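What follows is each chain in one-letter form.
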Amino acid sequence: MAEGLVEAGGKVHCIDRLAEPDKTFNEAKARFKNENGGGLEYHQVDVSNAEAMEEAIAEIASERQRLDGLVAAAGIQQCTSALDYSAEDIARMLSVNYTGVFLSARACARQMYKYKNQGSMCLVASMSGSIANRGFIAPVYNSSKAAVIQLAKNLAMEWGRVQPDGSGGIRVNCLSPGHIVTPMVEENFRKGEASREEWENNNMLGRLSTPEEYKSAGLFLLSGASSYMTGANLLMDGGTSAW
Ligand SMILES: NC(=O)c1ccc[n+]([C@@H]2O[C@H](COP(=O)([O-])OP(=O)(O)OC[C@H]3O[C@@H](n4cnc5c(N)ncnc54)[C@H](O)[C@@H]3O)[C@@H](O)[C@H]2O)c1
């Protein structure tokens, strides 16, 4: 999604807790020459740290005196039976999947209000926020994603109106992907927590998706192409939840 936004002329700041960006990021950055002011930048921030997020986002917005969009995608997963979860495990999961998304959205909204540039947000939920996945035990992950879907509706309502001073007018939507082959999912297969074959058979297209297939969704949700869409949940799951 970041690459799609850069290709459309955007300057995209990627935030992750990793000290250094991974290979995928470095390869993508090398492909873009930061022409026309666009390009990719990396920042190490833990999205569950409210103060650090506020500081990082304020610094990013101050560079061009504006902030146009947010894709909140940091997430963690733990596949444990509900009977075995400790309170600490639950709190840790929610601190990233729910609180981290909330803090990211809030930090960005503050800057969008400040610079009065009616931005758009895409909160990455999951089809797992609307269904219980067959053959996959992830009660906390799935309910954290349901919370993100509900959060988007509430933030959309709170921030949607343009105020007399020109601030506000911020759109907030969710993206709910189906299974994507990413490091998170490869780990599920490696640990035997999920069966690739079963997941392929669980959707109407008979295959898993790739990160590239969500590129247009990010561009759509962050651009004027979705100007009358807010509080919605864009479900792209190969038909998994439709049967
Ligand atoms: N892979 C799938 O099948 C799938 C399906 C639906 C939704 N999603 C969602 O898409 C998003 C991306 O998932 P992915 O599959 O690429 O997972 P991933 O594990 O490959 O990537 C998640 C990234 O989040 C970062 N992260 C974790 N905790 C963080 C924190 N506290 N602060 C900052 N960064 C942090 C990790 O370092 C990692 O780079 C997640 O929200 C996930 O729930 C994934």
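Conventions adopted
Residues numbered from 1 in each chain as written. Predicted model: local features only at pLDDT ≥ 70, side-chain atom pairs only at ≥ 80, totals over all residues. Heavy atoms only, no water. UniProt positions renumbered as here; feature names shortened; annotations may be inferred. Axes fitted to C-alpha atoms, helices over the stretch in contact; angles between N-to-C directions. Helix = DSSP H or I, 4+ residues; strand = E, 2+ residues; numbered from the N terminus. Parallel < 35°, antiparallel > 145°, perpendicular 65-115°, else oblique. Left-handed = near helix turned anticlockwise from the far one by under 90°. Contact = heavy atoms within 4.5 Å. Near = heavy atom within 4 Å. Polar contact = N/O pair within 3.5 Å; in protein donor to acceptor, adjacent residues only side chain to side chain. Areas by Shrake-Rupley, 256 points an atom, 1.4 Å probe, with all protein chains shown as cover. Nonpolar A, V, L, I, M, F, W, Y, C, P; charged D, E, K, R; others polar. Buried < 20%, exposed > 50% of the residue type's maximum accessible area, 1.4 Å probe, protein only. Expected span 1.5 Å × (residues − 1). Disulfide = S-S within 2.5 Å.

By the naming in an unreviewed UniProt entry, the protein chain goes by NAD(P)-binding protein and is assigned to Massariosphaeria phaeospora. Listed in UniProt under the heading Sequence similarities (unreviewed entry), the comment for the protein chain reads: "Belongs to the short-chain dehydrogenases/reductases (SDR) family."

This part covers the packing of helix α4 (residues 87-115) against helix α5 (residues 139-159). Any two packed helices are characterised by the angle at which their axes cross and by the distance between the axes. As a packed pair, α4 and α5 sit with axes 9 Å apart at the nearest point and diverge in direction by 20°. Our classification of the angle between α4 and α5 gives roughly parallel. Seen along the crossing, α4 lies across α5 with a hand that is right-handed. Of the residues in α5, those touching α4 at Ile90, Met93, Leu94, Asn97, Tyr98, Val101, Phe102, Ala105, Arg106, Ala109 and Tyr113 are Val140, Tyr141, Ser144, Lys145, Ala147, Val148, Leu151, Leu155, Glu158 and Trp159.

The next thing to look at is the site of the ligand. Looking at the ligand, there are 24 residues lining it, with Asp16, Asp46, Tyr141, Ile180 and Thr182 nearest. Asp46 has a polar side-chain atom sitting 2.8 Å from a nitrogen atom of the ligand. Note that an oxygen atom of the ligand is positioned 2.9 Å from one of the side-chain N or O atoms of Lys145. Calculation on the ligand without its partners gives an accessible area of 820 Å², and the protein chains cover 85% of this total. The element contributing the most residues to the shell around the ligand is helix α6 (residues 183-190), with three residues. Among the residues making up the shell around the ligand, the classes are represented as 15 nonpolar, five polar and four charged.

With that settled, consider the environment of Leu205. Counting through the fold element by element, Leu205 comes out in the loop between α7 (196-201) and α8 (215-222). When its relative accessible area of 59% is taken as the criterion, Leu205 is described as exposed.

Once that is clear, we can look at α5. Over its 21 residues, α5 runs 30 Å from end to end, which matches the ideal 30 Å to within 8%, given 1.5 Å per residue. Turning to α5, its buried residues number three or more, namely Val140, Tyr141, Asn142, Ser144, Lys145, Val148, Ile149, Leu151, Ala152, Leu155, Ala156 and Trp159. Of the surrounding elements, those touching the buried residues of α5 are α4, β4 (120-124), β5 (171-177), α6 and β6 (233-236).

Take the state of the cysteines next. Inspection of every chain in the model, using the stated rule, returns zero disulfides. Counting only cysteine sulfurs, Cys122 is the nearest neighbor of Cys174, a cysteine outside any disulfide, at a range of 7.7 Å. A relative accessible area of 0% places Cys174 in the buried class.

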